[in-house]
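Next come the chains, spelled out residue by residue.
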Amino acid sequence: MSDDHAHVQEFFTARAAGWDGKFPDDGPAYAAAVADLRLRAGDRVLDAGCGTGRALSPLRAAVGPTGVVLGADLTPAMLAAAVAAGRDREGALLLADVAALPLRPECLDAVFAAGLIAHLPHPVENLRELARVVRPGGRLALFHPIGRAALAARQGRQVTPEDLRAEPNLRPLLSRSGWRMTSYVDEDARFLALAVRED
């Protein structure tokens with residue numbers, strides 16, 4: 001395991017048990033972001049870096065009983081918290097690195113990723129791996145329940161021009177990774193960038 005992965009696992013393992021309690025009001029924001037992904041009944045969707053699985057219920061509601069919902073996370077403790085919350089009933093949970101997904105090419109219709117991009121050690125390659133498992137024309141949602149400025153203030157730091165989530169950085173990053181950004185919202189109440197997998 002790389003140092004990057006070990007650091008991510010260490011960070012989230014220490015916080016897994018109390019993670020949901022820290023963000024008790026995020027449910028509607030997750031549901032709204034999933035709605036913007038415009039999933040259809042029967043679609044196959046991955047929650048990449050699913051953590052405790054807070055997106056799994058709205059994803060399941062969007063794709064219905066005939067759809068496929070997968071949640072992948074690198075940290076066993078986060079997946080254990082998802083199981084403890086009963087979210088494994090909404091989708092299959094995979095202990096997996098989003099940089100090397102155990103999925104065949106073009107097997108998904110969409111990827112939902114909440115808070116993931118800040119934890120990617122190699123963003124171009126990692127986002128390219130997400131593109132690999134999505135069919136051409138499939139969709140990607142990069143989401144956070146609060147915007148960049150609000151998150152920085154919560155963490156006691158300033159937003160910097162180098163932030164990968166800034167639109168001038170994110171748009172070319174996605175383009176280099178096989179995605180075309182279709183919309184970008186960065187408000188106090190949420191961050192949501194939507195993209196389509198190029199042919």
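Data block above holds the structure.
How each quantity is defined
- Residues numbered from 1 in each chain as written.
- Predicted model: local features only at pLDDT ≥ 70, side-chain atom pairs only at ≥ 80, totals over all residues.
- Heavy atoms only, no water.
- Phe/Tyr/Trp six-rings, centres within 6.5 Å; stacked < 30°, edge-to-face > 60°.
- Helix = DSSP H or I, 4+ residues; strand = E, 2+ residues; numbered from the N terminus.
- Buried < 20%, exposed > 50% of the residue type's maximum accessible area, 1.4 Å probe, protein only.
- Pairing = 2+ DSSP bridges.
- Axes fitted to C-alpha atoms, helices over the stretch in contact; angles between N-to-C directions.
- Contact = heavy atoms within 4.5 Å.
- Core = buried A, V, L, I, M, F, W, Y, C linked by side-chain atoms within 4.5 Å.
- Salt bridge = Lys/Arg side-chain N within 4 Å of Asp/Glu carboxyl O.

> I keep staring at the packing of aromatic side chains and nothing clicks. Help me out?
To describe a pair of aromatic rings, one takes the distance between the centres and the angle between the planes. One pass over the structure, following the stated rule, counts four aromatic pairs. When the centroid spacing of 6.2 Å and the interplanar angle of 45 degrees are considered together, the rings of Tyr30 and Phe112 count as tilted. In this pair, Tyr30 is assigned in helix H3 (residues 27–36) and Phe112 in strand E4 (residues 108–114), connecting sequence segments 82 residues apart. The class for Phe112 is buried, based on a relative accessible area of 0%. When the ring of Phe112 is compared with that of Phe143, the centres are 5.6 Å apart and the planes differ by 35 degrees; the resulting orientation is tilted. Within this pair, whereas Phe112 is found in strand E4, its partner Phe143 is found in strand E5 (residues 134–144), the two being separated by 31 residues in sequence. One aromatic cluster in this structure is built from Tyr30, Phe112 and Phe143.

> So what exactly am I meant to see when it comes to the sheet that holds E5 here?
By definition, the strands of a sheet pair up through backbone hydrogen bonds, in either a parallel or an antiparallel sense. Ordered in space as E3-E2-E1-E4-E5-E7-E6, the seven strands form an open sheet in which the pairing is mixed. The strands lining the two open edges of the sheet, one partner per strand, are strand E3 (92–95) and strand E6 (179–187). Between one strand axis and the next, the sheet turns by 15 degrees as a mean value, whatever way the strands run. Relative to strand E7 (residues 190–197), E6 runs antiparallel, the two being bridged by eight bridges. Paired with Trp179 across the strands is Arg197, a residue of E7. Across the sheet, helix H4 (residues 56–63) is in contact with strand E1 (44–48), strand E2 (68–73), E3 and E4; its angle to E2 comes to roughly 155 degrees. On top of the sheet, helix H8 (residues 167–176) reaches E5, E6 and E7; it is set at about 155 degrees to E6, its chief contact.

> What am I meant to see in the nonpolar core here?
Taken as a class, soluble globular proteins show a tendency for nonpolar side chains to be buried jointly. One finds Leu127, Leu130 and Leu142 to be the most contacted residues of the largest nonpolar core, which totals 31 residues. Of all elements in the fold, only E1, E2, E4, helix H6 (123–132), E5, H8, E6 and E7 reach the threshold of two or more residues within this core. With four residues, H6 is the largest single contributor of residues to this core. Filtering out sequence-adjacent residues up to four positions away, Leu127 remains in contact with Ile117, Leu120, Leu140, Leu142, Leu173, Leu174, Ser177 and Trp179.

> Quick question: what am I supposed to make of the pattern of salt bridges here?
Side chains bearing opposite charge may pair, as long as their charged atoms lie close to each other. A complete count under the given rule lists twelve salt bridges for this structure. The shortest N-O distance in the salt bridge between Arg148 and Asp186 comes to 2.8 Å. Residue Arg148 is found in helix H7 (residues 148–154), and its partner Asp186 is found in strand E6; the two are separated by 38 residues along the sequence. For the salt bridge of Arg180 with Glu198, the shortest nitrogen-to-oxygen distance reads 3.8 Å. Placement of the pair is Arg180 in strand E6 and Glu198 in the segment after E7, with a sequence separation of 18 residues. Salt bridges linked by common partners bring Arg148, Asp163, Arg165 and Asp186 together as one network.

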